[in-house]
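Notes for the structure review
Okay, here's what each chain looks like letter by letter:
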Amino acid sequence: MPDNTAPGPGFVLDNARVHNLIQGQQVELHMHQPALPQGHSFAGGPLLVGRIPGLAAARLERETDRAIDSAGRITLTGMSGAGKTQATAAYARRRWDAGEFDLLVWVDASTRERVRAAYAAADEQVRGVEDPEQAAEAFLTWLDRPNAPRWLIVLDGVTDPEHLAGLLPPETSRGKTIVTTQLRSAALEDGRGVHVGQFTPEESEAFLERRLGSRSRALRGAAALAAEFGHLPLALAQAAAYLLDRPGTTCRDYSRIIADGSSPGASTPATAALRLSIERADGHPPQGLASTILWLAGVLDPAGIPAAFFTSEIACSALTKITFAPVDAPISPRIVEEALAGLHRLSLLDIEDDAVRVHPLVQLAAGEGVDSAGRDAFVNIAAHALSEIWPPANADRARCAIFHANAEKLLANARSSLFTPDLHPLLTTAGSSIGNTGQIDRALGFFGLLVDKCAAALGPEHRSTLSVQEDIARWQAASGDPVAALDTCTRILEARLRTLGPDDLTTLVTRNNIAHLQTQSGDPDASIASFEALIPDFVRVLGSDHELSLNARSNLALARGLAGDVVRVVAEFESILADCLRLLGPDSGRTLNARANLIYFQSEATGDYVRAAADMELLLVDYTRVLGPEHPQTETCRAHLDDFRREAEQADRLSARPQAAVRSCRRGATRFPPFRPRPGACASGGARPTGAVRCGCGRGRGT
C-alpha cells in the first residue's frame, strides 16, 4: 500500500527515484474485493459515452444522410475530409436530441486498444463493473440482451479491419452500429457500405452559397475553385473560412493565390487551402503563433488534445521562444486561448469542452514546413507540457483516456529527443497509468514499443532499457503470466550482473523481483531460498534499517506463509511491524500493511476471527485517516473486515465442533486469493504487482 508519509529518523533513501519505486513493493493482503458499484439507471435518463463532434458551419444534407437511416450496421467509406464523420455526427445528434436512443457510445476506433478502452468505459458506466480486461466482451454481451436499452455505437476512423475482430457490436433490433473508415473492405462493409465521395458540382455551389451568402461578391469564380479542389468538402470549408476572414476577396482571387504559390510546400489543393488558412491565422498578432500551436498539435492525437496542454506553463514558454515575430511580453494563457479561438473560427481546429480536435489533414498541412529535427523538438516540448498537466492519481478513467491516447501518439512520433540524455519520465508514467486503469494488454503494447525505441537509442543493456523491461515483467505478472515475467526478470538480472555487478541496487532489486515471482509461479520453496540468500546482501549493501531490506523480509515472510509455516510467519511479522514503527512511524503505508498481514496470519494460526475482526476494525480507522475513505486499499481493508466478521459468525455457529473442523470448513469455503492491486484505480504511477520492487535508478526516470 502506498506510503504517504516521509521516512522517520534513522531511515535513509539514497536515491530520489527509489522512494517512488518502493511504493509498489508492498506486502500482500488476503482480502476480497469491495462490493461493486451500481450501473447507470436508464429509467432516470439516457447515457452518452464519448463526444458527438460538432457540426460544420453551413453543412449540407446529402444522400449519405438518408442512407445512414437504414437499420442495422452501416459502414461509411471515403477519403479524409469527405465528410464521413460529419454525416455520422449529424445523424447521431438528430436522433439523440429526439430521444430515439437510450445509450450512445462514440468511439475513436483508430486502434484496437482504443476500441477496447471505450467499451470498458461504457461497460463501467452501464453495468457498474470495473473489469477492464473482460469489459469489452461483457459490454457486447450486455448489448445483445433482448431487454437492452436502445443503443447507437459509432466506431469512427477505423484504420484496420483487424482492429474490430471480435469487437463489432451485435446485430439486434435494439441497436445500430455505424463504422467510418477510409478503407474499402469487404470485412467492414459486408454488403452494407456507403461511399461518401466529394461534393457534386451542384453541392459545391450550394455549400459556398450557403456559407458565403447567395448574393456575395466572394462567389465570383466559385465553380472553377470547386473544380480545382476536386469538390472536397474539407478543402472548400477551408476556402470559405479564409474568404469570410478577408472581406473583398473572391473565389477567383483565392484560386490565383493558390496558383501563385503563396502557400509553399503544399502538395495537394486540399493542403494548399489549409496552408493558406494557416498563413491567414498567422497574420494575427503575435505573428506566427497559430503555426506554432498547430506544429505542437501535429505530434499529438488528432481525435482530442487536452485544452490545458496549450495553456500550460511549458507550452506558453515554448510558444514565446518559437513564435516568428519578437514579442514584448511572454505569451500568456489568455493569448493562447485567443489564438485557439481564431483557429477555430478558421475551421482549422475544433474546441469541444476541454478538448481540442485537429483534423489529420490540418496536421499534415501545418507540418509541411517542419523538418525532422524541428518535429523532434516539438515532441520534446509536448512531452514536458503533458507531464505538467498529467492527471492526479484519483482522476477518473474518462479524463485519463485522453492523456493515454496522446502519450501513445507521442511515443509513436518519438525520436532522439525523448531519449537524450536519458528516457523522458512521461513515457513510463503514461505506460504505468494505462496499466493502472486495468488496460494491461494495452500497457504491455506501450512498453513493448518503448523498450524497442530505448534499445535503439540507448542500447539494449542501458539502465533505462532494462528498467522498461522491468515494467514489461510487471504487467506480464499482472496479466496472470508470472512465468513469462520470471523469464523477463531473469534476463534482466543477467544483463545487470554483466554491466553493473552484484552489489548494484538495481541488481538487488531484480533479485527481489525474481524471488517474489517464484512464489507467484507456484514455487514457494525456491522463493524462500532466494529471499534467504538475498536479505544478507541487502543488509550488507544498504543496512538492516533500509526500507528495501525491510521489504525483502516482508516478502520472505509472505513466501513462508504461503508455504504453510504460519506460526513462524506470525513471529516474523511481529518483528517487522516493530521495525516499521521504529523506522517509519505508525502512519506509514508499510506499517499499516505489516499490521494487516500480522492480523491475517494470526487468524490463520489461531482461528480467532473475533479478535481478527476487532483488530481489523481499528486498522480500518487508521487506513481511513491516512489514505482516505475511498482509497482502494481502504476499501480492501473494509472488505477484509467484513470477511472476518462473517468468519466469526460462522465459527460461532460451529462452536460445538472441534476447532480443527471449524478451520477446515472455513478454508474450504473462503480461502482468499492473494491481494492484487485493483485495476480500476487510475494513477500515473502507484500500485505494482504485490511484493515486486522496481528500481531503475536511471537518470531522468520516473514512475
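In this report, we go over the structure that sits alongside the text.

Per the secondary structure count, the chain includes 30 helices and nine strands. Counting every position in the chain, which comprises 703 residues, the buried fraction comes to 55%. Of the contacts formed within the chain by residues at least 6 apart in sequence, a portion of 72% connects residues at least 24 apart. Split by element, the accessible area of the chain, about 28,000 Å² in all, is 53% carbon and sulfur.

Under the counting rule described, the total for this entry stands at 11 aromatic pairs. Taking the centre distance of 5.0 Å and the plane angle of 80 degrees together, the rings of tyrosine 600 and phenylalanine 601 count as edge-to-face. Pair check on accessibility: tyrosine 600 and phenylalanine 601 agree, each one buried. Through pairs of rings, three or more aromatic residues link up here, namely Phe42, Tyr119, Phe139 and Trp142.

Attention shifts here to the pairing of strand 4 (residues 151-158). For strand 4, the tally of buried residues reaches seven of eight residues, placing the bulk of the element in the interior. With six bridges connecting them, strand 3 (residues 103-108) and strand 4 associate as parallel partners. Pairing of leucine 104 across the sheet is with leucine 152, part of strand 4. Bridge analysis of strand 4 against strand 5 (residues 175-181) gives six bridges, and the strand direction is parallel. Bridge pairing in strand 5 places leucine 152 opposite lysine 176.

This part takes up the pattern of salt bridges. A complete count under the given rule lists 44 salt bridges for this structure. Arginine 95 is the partner of aspartate 69 in a salt bridge, and the nearest nitrogen-oxygen pair spans 2.8 Å. Here aspartate 69, found in the loop between helix 2 (63-68) and strand 2 (74-77), pairs with arginine 95, found in helix 3 (residues 84-97); they are 26 residues apart in sequence, far enough to count as distant. Where arginine 590 meets glutamate 547, a salt bridge forms, and the shortest distance between an N and an O atom there is 2.9 Å. Taken together, the positions of arginine 590 in helix 27 (residues 589-606) and glutamate 547 in helix 25 (residues 547-562) put the pair 43 residues apart, joining distant regions of the chain. Taking the relative accessible area as the measure of exposure, arginine 590 reaches 2% and is therefore buried. Given the relative accessible area of 2%, glutamate 547 is considered buried. The structure contains a network of salt bridges with shared partners spanning Asp108, Arg114, Asp301, Glu408 and Arg442.

The three strands are arranged 7-9-8 in an open sheet whose pairing can be described as antiparallel. The open sheet terminates on both sides in strands that have one partner only, identified here as strand 7 (305-306) and strand 8 (350-352). Strand direction decides the pairing type here: strand 7 and strand 9 (residues 355-357), joined by two bridges, are antiparallel. By the bridge assignment for strand 9, proline 306 is matched with alanine 355.

Taken N-terminus to C-terminus, the directions of helix 21 (residues 463-478) and helix 22 (residues 482-499) make an angle of 165 degrees; their axes are 7 Å apart at the nearest point. Of the possible angle classes, the one that applies to helix 21 and helix 22 is roughly antiparallel. Helix 22 is crossed by helix 21, and the crossing has left-handed handedness. Of helix 22, the residues touching helix 21 (which contributes Arg463, Leu466, Ser467, Gln469, Glu470, Ala473, Gln476 and Ala477) are Pro482, Ala484, Ala485, Thr488, Cys489, Ile492, Ala495 and Arg496. The residue makeup of the contact of helix 21 with helix 22, split by class, is nine nonpolar, four polar and three charged.

Both trends apply: most residues other than glycine have a negative phi, and most peptide bonds are in trans. The omega angle of the peptide bond from proline 285 to proline 286 is -10 degrees, so this bond is cis rather than trans. Relative to the elements of secondary structure, proline 286 occurs in the loop between helix 11 (269-282) and helix 12 (289-297). The linkage connecting threonine 420 with the following residue, proline 421, adopts the cis geometry, with an omega of 0 degrees.

Now for the pairing of strand 3. For strand 3, the buried fraction is high: five of the six residues fall into the buried class. Sheet topology note: the strand 1 (residues 47-49)/strand 3 ladder contains three bridges and is parallel. In the sheet register, valine 49 faces strand 3, and the bridge partner there is valine 105.

Within the fold, aspartate 545 resides in the loop between helix 24 (524-542) and helix 25. Given a relative accessible area of 27%, aspartate 545 falls into the partly exposed group. Note: C-alpha distance between aspartate 545 and aspartate 579 (34 residues apart in sequence) is 8.0 Å. Engagement of the side chain of aspartate 545 in a polar contact is seen with the side chain of arginine 582, the distance being 3.0 Å.

This paragraph deals with the environment of alanine 366. Along the chain, alanine 366 turns up in helix 16 (residues 360-367). What makes alanine 366 buried here is its relative accessible area of 2%. It is 8.6 Å that separates the C-alpha atoms of alanine 366 and threonine 271, two residues lying 95 residues apart in sequence. Beyond its immediate sequence surroundings of up to four residues, alanine 366 is in contact with Arg275, Ile278, Leu294 and Trp295.

Angle between the axes and distance between the axes are the two parameters that describe a pair of packed helices. The interhelical angle for the contact between helix 14 (residues 313-322) and helix 17 (residues 372-389), taken along N-to-C directions, is 150 degrees, at an axis separation of 7 Å. Classified by the angle their axes make, helix 14 and helix 17 are roughly antiparallel. Each of Glu313, Ile314, Ala315, Ala318 and Ile322 in helix 14 lies in contact with helix 17, whose residues at this interface are Phe378, Ile381, His384, Ala385 and Glu388. Of the residues belonging to the contact of helix 14 with helix 17, the class tally is seven nonpolar, one polar and two charged.

One finds Ile293, Phe309, Phe310, Leu410 and Leu450 to be the most contacted residues of the largest nonpolar core, which totals 68 residues. At eight residues, helix 17 tops the list of elements feeding residues into this core. Not counting chain neighbours up to four residues away, the residues in contact with phenylalanine 310 comprise Ile293, Ala297, Ile305, Ala315, Cys316, Leu319, Val336, Leu340 and Val356. Of all hydrophobic cores here, the second largest spans 32 residues; its members include Leu558, Cys580, Ala596 and Tyr600.

Here we take up helix 26 (residues 566-583). If you check helix 26, its first and last C-alpha atoms are 25 Å apart, about what 18 residues at 1.5 Å a residue would give, namely 26 Å. Within helix 26, burial applies to Val566, Val569, Val570, Glu572, Phe573, Ile576, Leu577, Asp579, Cys580 and Leu583. One or two steps after helix 26, the chain reaches glycine 585, where phi turns positive at roughly 90 degrees.

All right, on to the sheet that holds strand 3 then. Judged by pairing direction, the sheet is parallel, and its six strands sit side by side in the order 1-3-4-5-2-6 without closing on themselves. Either end of the sheet is taken by a strand with one partner, and the two such strands are strand 1 and strand 6 (193-195). In this sheet, neighbouring strand axes are inclined to one another by 15 degrees on average, regardless of whether the strands run parallel or antiparallel. Pairing geometry for strand 2 and strand 6, over three bridges, is parallel. The partner of threonine 75 across the bridge, within strand 6, is glycine 193. Against the sheet, helix 4 (residues 112-127) engages strand 1, strand 3 and strand 4, with an angle of about 155 degrees to strand 3.

Procedures and definitions
Residues numbered from 1 in each chain as written. Predicted model: local features only at pLDDT ≥ 70, side-chain atom pairs only at ≥ 80, totals over all residues. Heavy atoms only, no water. Helix = DSSP H or I, 4+ residues; strand = E, 2+ residues; numbered from the N terminus. Buried < 20%, exposed > 50% of the residue type's maximum accessible area, 1.4 Å probe, protein only. Contact = heavy atoms within 4.5 Å. Areas by Shrake-Rupley, 256 points an atom, 1.4 Å probe, with all protein chains shown as cover. Phe/Tyr/Trp six-rings, centres within 6.5 Å; stacked < 30°, edge-to-face > 60°. Pairing = 2+ DSSP bridges. Salt bridge = Lys/Arg side-chain N within 4 Å of Asp/Glu carboxyl O. Axes fitted to C-alpha atoms, helices over the stretch in contact; angles between N-to-C directions. Parallel < 35°, antiparallel > 145°, perpendicular 65-115°, else oblique. Left-handed = near helix turned anticlockwise from the far one by under 90°. Nonpolar A, V, L, I, M, F, W, Y, C, P; charged D, E, K, R; others polar. Polar contact = N/O pair within 3.5 Å; in protein donor to acceptor, adjacent residues only side chain to side chain. Core = buried A, V, L, I, M, F, W, Y, C linked by side-chain atoms within 4.5 Å. Expected span 1.5 Å × (residues − 1).

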